[in-house]
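Report on the structure
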Amino acid sequence: MKNIPFLILAFLAVPLVLKGQIDAKIVQYPDVSETHITFSYGGDIWVVPKGGGVASKLTSAKGEEVFPRFSPDGSRIAFSGNYSGNVDVYVMPSQGGMPKVKSSVIVSFSKFLIRAGFL
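Here we look at the nonpolar core
- By size, the foremost hydrophobic cluster in this structure holds eight residues: Ile 45, Val 47, Leu 58, Phe 70, Ile 77, Phe 79, Tyr 90 and Met 92.
- Only β3 (44-49), β6 (76-82) and β7 (87-93) provide two or more residues apiece to this core.
- Once residues within four sequence positions are removed from consideration, Tyr 90 is found in contact with Ile 77, Ala 78, Phe 79, Gly 81, Tyr 83, Pro 99, Lys 100, Val 101 and Lys 102.

Okay, here's the thing in structure tokens:
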């Protein structure tokens, strides 16, 4: 009988603990240029100054964007995007703009980056 209040409290606390784990995301696949860092977070591409500061979200489409890579001069970012069931390679200006599809990912992403001059 002494344990009943404790069990009720524990039972009521479980949803609060589980809610904190549902929305957990992590920064993934960073790449560094001369002046900026790009990364994938929450399925979108972000960029932040290398010296620190506020990160800017570059993409916000309903699909998932991952594996961002800077061009050698840092002016463009290539990434994989899945918007309609197909994974395609897109390139966009590193400070934002409209992504342009460059290749369907039939070949590997690394081969595309080499051919396009990113690696």
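Overview of the packing of aromatic side chains
- This structure, assessed with the given rule, holds five aromatic pairs.
- On the numbers, 4.4 Å between centres and 50 degrees between planes, the contact of Tyr 29 with Phe 67 is tilted. Of this pair, Tyr 29 sits in strand β1 (residues 28-32) while Phe 67 sits in strand β5 (residues 64-70), placing them 38 residues apart in sequence.
- You can call Phe 67 partly exposed: its relative accessible area is 31%.
- One aromatic cluster in this structure is built from Phe 39, Tyr 41 and Trp 46.

Quick look at the sheet that holds β1
- Here we have four strands laid out as an open sheet, ordered β1-β2-β3-β4, and antiparallel in their pairing. Lying at the two open borders of the sheet, with one neighbouring strand each, are β1 and β4 (56-57).
- Pairing analysis gives six bridges linking strand β2 (residues 36-41) to β3, with the strands arranged antiparallel. What sits directly across from Phe 39, in β3, is Trp 46.

Focus: the environment of Pro 30
- Tracing the backbone through its elements, the reader meets Pro 30 in strand β1.
- Residue class for Pro 30 comes out exposed when judged on its relative accessible area of 53%.
- Along the primary structure Pro 30 and Phe 67 are separated by 37 residues, whereas in three dimensions their C-alpha atoms are 7.8 Å apart.
- Those residues in contact with Pro 30, other than ones at most four positions away along the chain, are Thr 38, Phe 39 and Arg 69.

Definitions and cut-offs
Residues numbered from 1 in each chain as written. Predicted model: local features only at pLDDT ≥ 70, side-chain atom pairs only at ≥ 80, totals over all residues. Heavy atoms only, no water. Core = buried A, V, L, I, M, F, W, Y, C linked by side-chain atoms within 4.5 Å. Buried < 20%, exposed > 50% of the residue type's maximum accessible area, 1.4 Å probe, protein only. Helix = DSSP H or I, 4+ residues; strand = E, 2+ residues; numbered from the N terminus. Contact = heavy atoms within 4.5 Å. Phe/Tyr/Trp six-rings, centres within 6.5 Å; stacked < 30°, edge-to-face > 60°. Pairing = 2+ DSSP bridges.

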